Amino acid sequence: MSNHTYQKDRNVMEISTAEFVVSNTDFRKCPAATLPEYAFIGRSNVGKSSLINMLTGRKGLAMTSATPGKTLLINHFLINKSWYLVDLPGYGYAKRGQKAQEQIRRIIESYILYREQLTCLFLLVDSRLAPQPIDLTFIEWLGENGIPFAVIFTKADKLSGGKLKGNIEAYLDKLSEQWEELPPYFVTSSENKSGREAVLDYIEQINKQLKKTEQ
(Lines give C-alpha, C1' and ligand atoms only; values in the text may rest on other atoms or scores of the structure.)
Protein backbone atom coordinates (compact mmCIF):
# COMPACT_ATOMS: atom_id res chain seq x y z
CA MET A 1 0.00 0.00 0.00
CA SER A 2 1.23 3.48 -0.80
CA ASN A 3 0.95 6.51 1.41
CA HIS A 4 0.32 8.62 -1.67
CA THR A 5 -3.01 9.21 -3.28
CA TYR A 6 -3.60 6.57 -5.91
CA GLN A 7 -2.56 7.66 -9.41
CA LYS A 8 -4.90 6.58 -12.16
CA ASP A 9 -3.94 4.75 -15.31
CA ARG A 10 -4.81 6.28 -18.68
CA ASN A 11 -7.34 3.58 -19.57
CA VAL A 12 -10.16 4.24 -17.16
CA MET A 13 -12.85 1.63 -16.79
CA GLU A 14 -16.03 2.25 -18.75
CA ILE A 15 -19.25 1.46 -16.89
CA SER A 16 -21.44 -0.07 -19.60
CA THR A 17 -24.01 -1.71 -17.31
CA ALA A 18 -25.00 -1.11 -13.69
CA GLU A 19 -28.02 -2.92 -12.31
CA PHE A 20 -29.53 -3.36 -8.89
CA VAL A 21 -29.61 -7.05 -7.90
CA VAL A 22 -30.74 -7.53 -4.31
CA SER A 23 -31.11 -5.95 -0.86
CA ASN A 24 -30.96 -7.87 2.38
CA THR A 25 -29.73 -7.83 5.97
CA ASP A 26 -27.91 -11.18 5.97
CA PHE A 27 -24.55 -11.71 4.24
CA ARG A 28 -25.50 -15.39 3.71
CA LYS A 29 -28.31 -14.29 1.39
CA CYS A 30 -26.02 -12.16 -0.77
CA PRO A 31 -25.54 -13.28 -4.41
CA ALA A 32 -24.03 -16.75 -4.70
CA ALA A 33 -21.70 -15.75 -7.55
CA THR A 34 -17.97 -15.65 -6.85
CA LEU A 35 -17.49 -12.24 -8.49
CA PRO A 36 -15.32 -9.70 -6.63
CA GLU A 37 -17.19 -7.25 -4.41
CA TYR A 38 -16.21 -3.66 -3.65
CA ALA A 39 -18.13 -2.34 -0.68
CA PHE A 40 -18.73 1.31 0.26
CA ILE A 41 -19.31 2.40 3.83
CA GLY A 42 -19.23 5.57 5.90
CA ARG A 43 -20.96 7.57 8.55
CA SER A 44 -24.47 8.76 7.81
CA ASN A 45 -24.59 11.80 5.53
CA VAL A 46 -21.05 11.33 4.21
CA GLY A 47 -22.34 11.38 0.62
CA LYS A 48 -22.23 7.65 -0.11
CA SER A 49 -25.25 7.39 -2.41
CA SER A 50 -24.15 10.45 -4.40
CA LEU A 51 -20.67 8.97 -4.78
CA ILE A 52 -22.02 5.60 -5.97
CA ASN A 53 -24.26 7.34 -8.51
CA MET A 54 -21.31 9.46 -9.69
CA LEU A 55 -18.97 6.47 -10.03
CA THR A 56 -21.48 4.42 -12.02
CA GLY A 57 -22.78 7.37 -14.04
CA ARG A 58 -26.35 6.39 -13.07
CA LYS A 59 -28.24 9.20 -11.34
CA GLY A 60 -30.73 7.13 -9.37
CA LEU A 61 -28.84 3.87 -8.86
CA ALA A 62 -28.31 4.34 -5.13
CA MET A 63 -31.18 6.18 -3.50
CA THR A 64 -30.15 9.39 -1.78
CA SER A 65 -32.31 10.44 1.13
CA ALA A 66 -32.91 13.77 2.83
CA THR A 67 -32.95 11.81 6.08
CA PRO A 68 -29.53 10.46 7.10
CA GLY A 69 -29.33 6.86 8.21
CA LYS A 70 -32.02 5.51 5.88
CA THR A 71 -29.96 2.70 4.35
CA LEU A 72 -30.46 -0.30 6.63
CA LEU A 73 -29.66 -2.96 4.04
CA ILE A 74 -26.77 -4.52 2.15
CA ASN A 75 -27.42 -3.46 -1.47
CA HIS A 76 -25.75 -5.30 -4.36
CA PHE A 77 -25.30 -3.70 -7.79
CA LEU A 78 -23.83 -5.74 -10.65
CA ILE A 79 -21.36 -3.67 -12.68
CA ASN A 80 -20.38 -4.63 -16.24
CA LYS A 81 -21.61 -8.17 -15.46
CA SER A 82 -18.20 -8.76 -13.88
CA TRP A 83 -18.10 -7.29 -10.34
CA TYR A 84 -20.41 -6.12 -7.58
CA LEU A 85 -20.58 -2.70 -6.03
CA VAL A 86 -21.99 -3.12 -2.52
CA ASP A 87 -23.69 -0.27 -0.67
CA LEU A 88 -23.47 -0.97 3.07
CA PRO A 89 -25.57 0.73 5.77
CA GLY A 90 -24.24 3.99 7.14
CA TYR A 91 -23.07 3.92 10.74
CA GLY A 92 -23.01 6.39 13.60
CA TYR A 93 -26.44 7.98 13.14
CA ALA A 94 -27.11 9.29 16.64
CA LYS A 95 -30.91 9.50 16.32
CA ARG A 96 -31.19 5.74 15.93
CA GLY A 97 -32.05 3.90 19.11
CA GLN A 98 -29.54 1.61 20.78
CA LYS A 99 -31.29 -1.50 19.47
CA ALA A 100 -31.28 -0.23 15.87
CA GLN A 101 -27.61 0.78 16.12
CA GLU A 102 -26.72 -2.68 17.40
CA GLN A 103 -28.64 -4.28 14.52
CA ILE A 104 -26.77 -2.13 11.97
CA ARG A 105 -23.44 -2.99 13.59
CA ARG A 106 -24.21 -6.71 13.30
CA ILE A 107 -25.20 -6.40 9.62
CA ILE A 108 -22.02 -4.46 8.79
CA GLU A 109 -19.61 -6.57 10.82
CA SER A 110 -20.94 -9.93 9.65
CA TYR A 111 -20.70 -8.88 5.98
CA ILE A 112 -17.16 -7.48 6.37
CA LEU A 113 -15.83 -10.42 8.42
CA TYR A 114 -17.51 -13.35 6.69
CA ARG A 115 -18.22 -12.35 3.08
CA GLU A 116 -15.46 -14.16 1.19
CA GLN A 117 -16.12 -12.21 -2.01
CA LEU A 118 -15.30 -8.88 -0.35
CA THR A 119 -12.27 -7.68 -2.28
CA CYS A 120 -11.85 -4.14 -0.99
CA LEU A 121 -13.79 -1.93 1.41
CA PHE A 122 -13.94 1.77 0.58
CA LEU A 123 -14.35 3.86 3.73
CA LEU A 124 -15.86 7.26 2.99
CA VAL A 125 -14.74 10.26 5.04
CA ASP A 126 -16.09 13.83 4.83
CA SER A 127 -13.09 15.93 3.79
CA ARG A 128 -14.52 18.99 5.59
CA LEU A 129 -14.27 17.43 9.04
CA ALA A 130 -11.45 16.77 11.47
CA PRO A 131 -10.73 13.05 12.06
CA GLN A 132 -13.78 11.59 13.81
CA PRO A 133 -13.24 9.09 16.65
CA ILE A 134 -15.94 6.76 15.25
CA ASP A 135 -14.10 6.52 11.89
CA LEU A 136 -10.70 6.05 13.51
CA THR A 137 -12.06 3.28 15.72
CA PHE A 138 -13.59 1.61 12.66
CA ILE A 139 -10.29 1.85 10.74
CA GLU A 140 -8.49 0.30 13.70
CA TRP A 141 -11.02 -2.56 13.71
CA LEU A 142 -10.45 -3.12 9.97
CA GLY A 143 -6.71 -3.35 10.61
CA GLU A 144 -7.11 -5.76 13.50
CA ASN A 145 -9.18 -8.05 11.28
CA GLY A 146 -6.94 -7.79 8.22
CA ILE A 147 -9.62 -6.28 5.97
CA PRO A 148 -8.25 -4.72 2.74
CA PHE A 149 -9.53 -1.16 2.55
CA ALA A 150 -8.99 2.27 1.02
CA VAL A 151 -10.14 5.70 2.17
CA ILE A 152 -12.27 7.99 -0.01
CA PHE A 153 -12.42 11.63 1.02
CA THR A 154 -15.78 13.04 -0.15
CA LYS A 155 -17.16 16.55 -0.81
CA ALA A 156 -13.80 17.93 -1.96
CA ASP A 157 -15.59 20.68 -3.91
CA LYS A 158 -16.83 22.23 -0.66
CA LEU A 159 -13.34 23.42 0.39
CA SER A 160 -10.64 25.61 -1.12
CA GLY A 161 -7.55 23.79 -2.35
CA GLY A 162 -5.37 24.82 0.60
CA LYS A 163 -7.96 23.93 3.22
CA LEU A 164 -8.67 20.58 1.53
CA LYS A 165 -4.97 19.71 1.38
CA GLY A 166 -4.53 20.67 5.05
CA ASN A 167 -7.50 18.57 6.18
CA ILE A 168 -6.32 15.49 4.29
CA GLU A 169 -2.76 15.85 5.58
CA ALA A 170 -4.11 16.18 9.13
CA TYR A 171 -6.15 13.00 8.63
CA LEU A 172 -3.19 11.07 7.27
CA ASP A 173 -1.01 12.31 10.14
CA LYS A 174 -3.60 10.99 12.58
CA LEU A 175 -3.66 7.61 10.80
CA SER A 176 0.15 7.51 10.91
CA GLU A 177 -0.06 7.30 14.68
CA GLN A 178 -1.59 3.81 14.29
CA TRP A 179 -0.34 2.68 10.87
CA GLU A 180 3.22 2.21 9.67
CA GLU A 181 1.90 2.01 6.13
CA LEU A 182 -1.07 4.16 5.18
CA PRO A 183 -3.95 2.78 3.12
CA PRO A 184 -4.52 4.01 -0.43
CA TYR A 185 -6.71 7.11 -0.51
CA PHE A 186 -8.74 9.07 -3.02
CA VAL A 187 -10.06 12.63 -3.04
CA THR A 188 -13.48 12.92 -4.66
CA SER A 189 -16.40 15.19 -5.38
CA SER A 190 -19.76 13.90 -6.56
CA GLU A 191 -20.57 17.41 -7.80
CA ASN A 192 -17.69 17.80 -10.25
CA LYS A 193 -16.85 14.08 -10.65
CA SER A 194 -13.25 14.54 -9.46
CA GLY A 195 -11.61 11.32 -8.33
CA ARG A 196 -13.96 9.15 -10.38
CA GLU A 197 -11.33 7.85 -12.80
CA ALA A 198 -8.83 7.12 -10.03
CA VAL A 199 -11.30 5.04 -7.99
CA LEU A 200 -12.55 3.09 -11.03
CA ASP A 201 -9.00 2.50 -12.24
CA TYR A 202 -8.03 1.15 -8.81
CA ILE A 203 -10.92 -1.34 -8.99
CA GLU A 204 -9.96 -2.25 -12.56
CA GLN A 205 -6.33 -2.93 -11.61
CA ILE A 206 -7.39 -5.22 -8.74
CA ASN A 207 -9.80 -7.07 -11.05
CA LYS A 208 -7.00 -7.60 -13.58
CA GLN A 209 -4.74 -9.00 -10.85
CA LEU A 210 -7.50 -11.36 -9.70
CA LYS A 211 -7.96 -12.66 -13.25
CA LYS A 212 -4.23 -13.28 -13.55
CA THR A 213 -4.14 -15.32 -10.35
CA GLU A 214 -7.14 -17.38 -11.53
CA GLN A 215 -5.40 -18.38 -14.77
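Here's a quick rundown of the structure.

Parameters at a glance
- Numbering of residues starts from 1 in every chain and runs along the sequence as written.
- In keeping with the model being predicted, local features are shown solely for residues with a pLDDT of at least 70 and side-chain atom pairs are shown and tallied solely at 80 or more, while totals for entire chains, interfaces and linings include all residues.
- As a convention, hydrogens and water are excluded, and side-chain values are obtained from all of the structure's heavy atoms.
- By convention a nonpolar core is built from buried Ala, Val, Leu, Ile, Met, Phe, Trp, Tyr and Cys residues, the set being connected through side-chain atoms within 4.5 Å.
- Exposure is judged per residue with a 1.4 Å probe applied to protein chains only, and the accessible area is read against the type maximum: over 50% gives exposed, under 20% gives buried, and values in between give partly exposed.
- Only DSSP runs of H or I with at least four residues qualify as helices, and only runs of E with at least two residues qualify as strands; both kinds are numbered from the N terminus onward.
- Residue contacts are counted whenever heavy atoms from the two residues lie within 4.5 Å of one another.
- For two strands to be treated as a pair, DSSP must find no fewer than two bridges joining them.
- The axes used here are C-alpha line fits, helices contributing only the stretch in contact, and every angle between their N-to-C directions lies in the interval 0 to 180 degrees.

Our next topic: the nonpolar core. Ranked by internal contacts, the top residues of the largest apolar core, which has 36 residues, are Ile41, Leu88, Tyr111, Ile112, Leu121, Phe138 and Leu142. Those elements that place two or more of their residues in this core are strand 2 (37-42), strand 3 (74-79), strand 4 (83-87), helix 2 (98-114), strand 5 (118-126), helix 3 (133-144), strand 6 (149-154) and helix 4 (161-176). Residues within four places of Leu121 in sequence aside, it is in contact with Ala39, Ile41, Leu88, Ile112, Phe138, Leu142, Ile147, Pro148, Phe149 and Ala150. Cys120, Val199, Leu200 and Ile203 belong to the second largest nonpolar core, which has 29 residues in total.

Here the focus is the sheet that holds strand 2. The pairing of strands in a sheet happens through backbone hydrogen bonds and is either parallel or antiparallel. Strand order in the open sheet formed by seven strands is 1-3-4-2-5-6-7, with mixed pairing between adjacent strands. Of all the strands in the sheet, the pair left with one neighbour each is strand 1 (18-24) and strand 7 (185-187). Across the sheet, the axes of successive neighbouring strands diverge by a mean angle of 25°, strand direction being ignored. Looking at chain direction, strand 1 and strand 3 are connected through six bridges and run antiparallel. Bridge pairing in strand 3 places Asn24 opposite Ile74. Sheet contacts for helix 2: strand 2, strand 3, strand 4 and strand 5; angle to strand 2, the most-contacted strand, approximately 150°. The strands touched by helix 4 within the sheet are strand 5, strand 6 and strand 7, with strand 7 carrying the most contacts at an inclination of about 165°.

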